[in-house]
Amino acid sequence: MSDSKSPLKITDADLRSHQVQEYIDIQAYHSHDVGPVTDRPWVIRVIYANWFYLAICCAIGGAVAWAFTEPFFDDSETSEGATIAGILIFPAVAACVGLFLGAAEGIMCRNFLRAIKCGSIGLGVGFLGGLLAILPTGLVFALMSTIAVSFWDNPQPDAMPTGIALLILMMGRAAAWSIAAIPAGIGQGIALREKKVIINGLVGGVLGGLLGGLLFDPISLVFVTADGQAALSRLIGFATIGCLVGLFVGLVEGWTKTAWLMMKKGPLAGKQFILFKDTTVLGSTPKADIYLFKDDAIEPKHALIYNRGGKFEIEDCVTADGTYVNGKPINRHVLQHGDQIVMGKTVLEFSVRDADTNS
């Protein structure tokens, strides 16, 4: 039996042992304990779903476009005002939907610098693209209208066709709006200079414009008044087109995403951030790709996530407070599906599509 009064000796090998390092890591994690992490109510998750807030914002954009163009419409007779309205309709709707589509993500993330940048570029791209779309949309709609009239048994001036003629007219309007909605969808991607976001916006714009245009004439049948006034019909039609463009842009982003972060704890708990860039910056500056505000422990450029051919690696930017993955401080770490990232009091959960094939 050793002498109980003999001094305790700790060697350099003891200090460098795996058990000691693990204990230090655990203590470091507990010093940054963020408390319990629970799932947000489904209502919050829906509100923070990009397809939802993009649909709402773009519907507002369509309504704003109606407010700008409606003074130029005259339902009582064919006039110069109607011609001006016909010229303005596509650029106005594409510009306003592009504005609200571009600004939506920044507004939801409290990143007003991004909202102003993407919204402004979305407005400009939408308006110029809408002007360029006048010729092809006019040709498509004129062709389909001519075909519709040929199938109309008893054509009447200023009357809505019926039967197959109405269906052909609806298809023509749908095709025209699918073209006109493209510039509304791609503005945000152009602002971010991200090819994948541009493609998502293009596909979402085509699908949203196609379905919205298809519904335009049925909406007209329901909401045009007995004396031929169509103001309410146009309002609902433009808002519906905007709503569907935003909805499909959000849905396409969800369908094509490969990896994303879900904020489990923090000011935007329940919000999902899609990792679409080769290098994603996480930090407390509005210039960061993922803006983490209201957390004093997070530095302006706190961590980077690299997409290395489908493998995602997180790197701490030599921060004082550190970055933790699954309770352990890291310098670099290859992320796996379900990993929890802690920075300050913010908790993010990493997810990757087809986790079994990427693990």
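Everything in this summary refers to the structure shown in the same document. (Residues numbered from 1 in each chain as written. Predicted model: local features only at pLDDT ≥ 70, side-chain atom pairs only at ≥ 80, totals over all residues. Heavy atoms only, no water.)

Attention now goes to the overall build of the protein. Secondary structure summary: the protein contains 11 helices and 11 strands in total. Taken across its 359 residues, the protein has 45% of its residues classed as buried. Here the analysis covers contacts within the protein between residues at least 6 apart in sequence; of these, 61% occur between residues at least 24 apart. (Helix = DSSP H or I, 4+ residues; strand = E, 2+ residues; numbered from the N terminus. Buried < 20%, exposed > 50% of the residue type's maximum accessible area, 1.4 Å probe, protein only. Contact = heavy atoms within 4.5 Å.)

Under the defined criterion, the tally for this structure stands at 7 aromatic pairs. Sitting over the face of the ring of Phe73, Arg234 holds its NZ or CZ atom 4.0 Å from the ring centroid. (Phe/Tyr/Trp six-rings, centres within 6.5 Å; stacked < 30°, edge-to-face > 60°. Lys NZ or Arg CZ within 6 Å of the ring centre and 35° of its normal.)

On the secondary structure map, Ala148 appears in helix α6 (residues 112-150). A residue is classified by how much of its surface remains accessible, and Ala148, at 4% relative accessible area, is buried. Between the C-alpha atoms of Ala148 and Gly163, which are 15 residues apart in sequence, the distance is 9.7 Å. What Ala148 contacts, discounting residues up to four positions off in sequence, is Ala165, Ile168 and Leu169.

To continue, consider the environment of Asn50. Assignment of secondary structure puts Asn50 in helix α4 (residues 50-69). With 197 residues separating them along the chain, Asn50 and Leu247 place their C-alpha atoms 8.2 Å apart. When sequence neighbours within four positions are dropped, the list of residues in contact with Asn50 reads Gly250, Glu253 and Ile274. Only 2.7 Å separates the side chain of Asn50 from the side chain of Glu253, close enough to count as a polar contact. (Polar contact = N/O pair within 3.5 Å; in protein donor to acceptor, adjacent residues only side chain to side chain.)

Applying the stated rule across the entire model yields 7 salt bridges. For Arg332, the salt bridge goes to Glu313, with nearest N and O atoms at 3.2 Å. Of this pair, Arg332 sits in strand β9 (residues 332-334) while Glu313 sits in strand β6 (residues 311-316), and the two are 19 residues apart along the sequence. Measuring nitrogen to oxygen at the nearest pair gives 3.4 Å for the salt bridge that ties Glu315 to Arg332. Taken together, the residues span a long stretch of sequence, with Glu315 in strand β6 and Arg332 in strand β9 at a distance of 17 residues. Residue classification places Arg332 among the partly exposed positions, given a relative accessible area of 45%. (Salt bridge = Lys/Arg side-chain N within 4 Å of Asp/Glu carboxyl O.)

With that settled, consider unusual backbone geometry. Residues other than glycine seldom take positive phi values, yet Arg110 does so here, at roughly 60 degrees. Mapping Arg110 onto the fold places it in the loop between α5 (80-108) and α6. In this structure Arg110 comes out as partly exposed when scored by relative accessible area, which is 37%. The phi dihedral of Val318 is positive, around 50 degrees, even though this residue is not glycine. Following the sequence through the fold, Val318 ends up in the loop between β6 and β7 (323-325).

Attention shifts here to the layout of surface pockets. One number sums up the size of the second largest pocket: a volume of about 840 Å³. As for the second largest pocket, its lining consists of 42 residues, of which Glu105, Arg114, Lys271, Ile274 and Phe276 are closest to the centre. Mapped onto the lining of the second largest pocket, the elements with two or more residues apiece are α4, α6, α8 (182-192), α9 (195-223), α10 (231-256), β2 (272-274) and β4 (290-291). If you tally residues by element for the lining of the second largest pocket, the top one is α10, at 6 residues. Residues that form the lining of the second largest pocket fall into these classes: 20 nonpolar, 10 polar and 12 charged. (1 Å grid on protein atoms, 1.4 Å probe; cavity = no way out; pocket = protein on both sides within 12 Å on 5 of 7 lines; lining within 4 Å. Points joined across faces, edges and corners; volume = space filled by probe spheres on them. Nonpolar A, V, L, I, M, F, W, Y, C, P; charged D, E, K, R; others polar.)

Looking now at the sheet that holds β2. Strands in a sheet are paired, the pairing made by backbone hydrogen bonds, and the direction either parallel or antiparallel. The strand order β2-β1-β11-β10-β7-β8 describes an open sheet built from 6 strands, whose pairing is antiparallel. Either end of the sheet is taken by a strand with one partner, and the two such strands are β2 and β8 (328-330). Pairs of neighbouring strands in the sheet enclose a mean axial angle of 30 degrees, with direction left out of account. Sheet topology note: the strand β1 (residues 259-265)/β2 ladder contains 3 bridges and is antiparallel. Looking at β2, one finds that Met262 is bridged to Gln272. (Pairing = 2+ DSSP bridges. Axes fitted to C-alpha atoms, helices over the stretch in contact; angles between N-to-C directions.)

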